[in-house]
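# Results of the structural survey
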Amino acid sequence: MTPDEIRAEIRRLGPWHHDIELSPGIRTGAPEFQGEPDPALGTPAIIDPDANLMRLVGSLFPRGLAGRSFLDCACNGGGYLFAAARLGAGRCFGFDAREHWIRQAQFLGRYFPDADVAVARCSLAEFPALGLEPFDVTYFSGLFYHLPDPVAGLRIAADHTKELLVLNTAVSPGKQDALVLNQESRTLLMSGIDGLAWLPTGESVLRRILAACGFPHTRLNFDRPASGTWRRVEILAARDPGMFDHYDASRPAPPPGRLKRLTNRLRGLT
């Protein structure tokens with residue numbers, strides 16, 4: 001395709017959430033491709049999957065993802081799949097319930113033909129029927145708080161994960177560990193497909209659910225403000241505590257007072 005044809009296809013497939021460079025100077029997240037907001041679809045924020053995944057993988061795996069397989073649940077435009085492949089991952093698979101995002105991922109695949117990446121349109125509930133072998137690393141981002149039964153949904157992902165599960169979700173802070181009703185649009189591109197959904201009140205409830213799914217060893221990668229009163233948290237969860245050897249070694253030890261508080265908090269979760 002010529003540069004003008006690439007630009008035309010990017011516009012046709014928009015709006016985009018993942019910012020991917022397809023050709024020198026041509027990125028899917030560039031302002032020229034955003035166009036006028038469509039109230040029926042919403043206006044997704046633009047993120048850089050390569051930068052996000054590079055930071056995450058670098059903190060866990062000093063040699064990248066070589067020798068590991070990668071699953072992206074609700075993969076959106078597939079940006080994290082191709083980022084994982086560039087970081088050395090072998091088998092990469094993603095699925096999403098919205099055809100809009102899968103068309104984008106298929107389009108991206110034309111520009112990275114050497115990557116072992118496959119995508120499918122299906123919901124999380126339909127995913128087990130594909131009969132795929134478990135993956136080493138699973139990325140479960142922007143999905144938990146869109147599900148009508150997030151505990152069962154996370155268990156599906158956990159059952160298909162051998163080593164590490166990355167849980168990235170919005171939370172609605174509360175005084176008790178709970179899931180709070182979060183009814184949402186069924187049509188906006190960045191919403192779920194069921195209308196009924198649940199927001200966790202914080203990291204503690206998420207750690208308990210992860211432990212029940214077979215991933216008892218966790219690290220809070222970040223907890224930052226999001227929209228309104230919501231926050232965004234990312235929890236790394238593993239079956240084996242050794243998964244965090246490099247992660248822990250690369251971080252400075254917390255002050256003694258904070259370390260005591262963290263220890264007491266973790267004891268309360270056991």
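Basis of the calculations
Residues numbered from 1 in each chain as written. Predicted model: local features only at pLDDT ≥ 70, side-chain atom pairs only at ≥ 80, totals over all residues. Heavy atoms only, no water. Helix = DSSP H or I, 4+ residues; strand = E, 2+ residues; numbered from the N terminus. Rg over C-alpha atoms; globule rule 2.2 N^0.38 Å. Buried < 20%, exposed > 50% of the residue type's maximum accessible area, 1.4 Å probe, protein only. Contact = heavy atoms within 4.5 Å. Areas by Shrake-Rupley, 256 points an atom, 1.4 Å probe, with all protein chains shown as cover. Lys, Arg positive; Asp, Glu negative; His and termini not counted. Charge placed at Lys NZ, Arg CZ, Asp CG, Glu CD. Phe/Tyr/Trp six-rings, centres within 6.5 Å; stacked < 30°, edge-to-face > 60°. Axes fitted to C-alpha atoms, helices over the stretch in contact; angles between N-to-C directions. Parallel < 35°, antiparallel > 145°, perpendicular 65-115°, else oblique. Left-handed = near helix turned anticlockwise from the far one by under 90°. Nonpolar A, V, L, I, M, F, W, Y, C, P; charged D, E, K, R; others polar. 1 Å grid on protein atoms, 1.4 Å probe; cavity = no way out; pocket = protein on both sides within 12 Å on 5 of 7 lines; lining within 4 Å. Points joined across faces, edges and corners; volume = space filled by probe spheres on them. Salt bridge = Lys/Arg side-chain N within 4 Å of Asp/Glu carboxyl O.

### Things to note about the overall build of the protein chain
For the protein chain, the helix and strand inventory stands at 8 helices and 11 strands. Expected size for 270 residues packed as a compact globule is a radius of gyration near 18 Å; at 19 Å, the protein chain falls within 12% of this value. Dimensions of the protein chain, computed from C-alpha atoms along their principal axes, come out at roughly 60 × 40 × 40 Å. Across the 270 residues of the protein chain, 46% fall into the buried class. The long-range share in the protein chain, meaning contacts at least 24 apart out of those at least 6 apart in sequence, stands at 67%. Entry remark: accessible area of the protein chain is about 13,100 Å², with carbon and sulfur atoms responsible for 54%. Taking the 30 positively charged and 30 negatively charged side chains of the protein chain as two groups, their mean positions are separated by 8 Å.

### Brief notes about the packing of aromatic side chains
Within the structure shown, the criterion is met by 10 aromatic pairs. Between the aromatic rings of tyrosine 80 and tyrosine 139, the centroid separation amounts to 4.6 Å while the plane-to-plane angle is 40 degrees, which identifies the pairing as tilted. Placement of tyrosine 80 in helix α3 (residues 79–86) and of tyrosine 139 in strand β6 (residues 135–141) is noted, with a sequence separation of 59 residues between them. This pair shows no difference in class: tyrosine 80 is buried, exactly as tyrosine 139 is.

### A closer look at the packing of helix α2 (residues 49–60) against α3
Closest axis-to-axis distance for the α2/α3 pair is 9 Å, and the angle between their directions is 50 degrees. Judged by the angle between their axes, α2 and α3 are oblique. Our pair here, α2 against α3, has a crossing hand that is right-handed. Packed against α2, whose contacting residues are Pro49, Asp50, Asn52 and Leu53, the element α3 presents Gly79, Tyr80, Ala83, Ala84 and Arg86 at the interface. Looking at the contact of α2 with α3 residue by residue, the class counts come to 5 nonpolar, 2 polar and 2 charged.

### What about empty space enclosed by the protein?
A full pass over the atoms with the stated rule returns 1 cavity of 30 Å³ or more. The calculated volume of the largest cavity comes to roughly 50 Å³. Around the largest cavity sit Leu53, Leu56, Val57, Phe61, Leu65, Phe70, Val137, Tyr139, Leu164 and Val166, which together line it. For the lining of the largest cavity, the secondary-structure elements that each account for two or more residues are α2, β6 and β7 (161–171). If one sorts the elements of the lining of the largest cavity by residue count, α2 sits on top with 3 residues. Tallied by class, residues from the lining of the largest cavity come to 10 nonpolar, no polar and no charged.

### Description of the packing of helix α1 (residues 3–13) against helix α4 (residues 99–109)
Contact pair α1 / α4: the axes reach a minimum separation of 10 Å and the direction vectors enclose 160 degrees. Classified by the interaxial angle, the pair formed by α1 and α4 is roughly antiparallel. For the pair α1 and α4, the crossing hand works out as left-handed. Two secondary-structure elements touch here, α1 through Glu9, Ile10 and Leu13 and α4 through His100, Arg103, Gln104 and Phe107. Of the residues that constitute the contact of α1 with α4, the class distribution is 3 nonpolar, 2 polar and 2 charged.

### Here's the deal with the pattern of salt bridges
Once their charged atoms are close, side chains differing in charge can pair, the charge on each being opposite to the other. Applying the stated criterion across every chain, the model contains 13 salt bridges. In this structure, aspartate 4 engages arginine 7 in a salt bridge whose closest nitrogen and oxygen atoms are separated by 3.7 Å. Separated by 3 residues within a single helix, aspartate 4 and arginine 7 lie in helix α1, roughly one turn from each other. For arginine 7, a relative accessible area of 23% corresponds to the partly exposed category. Ionic pairing is found between aspartate 50 and arginine 86, a salt bridge with its closest N-O pair at 2.9 Å. Here aspartate 50, found in helix α2, pairs with arginine 86, found in helix α3; they are 36 residues apart in sequence, far enough to count as distant. Exposure remark for aspartate 50: the relative accessible area of 23% places this residue in the partly exposed category. When salt bridges with common partners are traced through the structure, they connect Asp4, Arg7, Arg11 and Glu32 into a single cluster.

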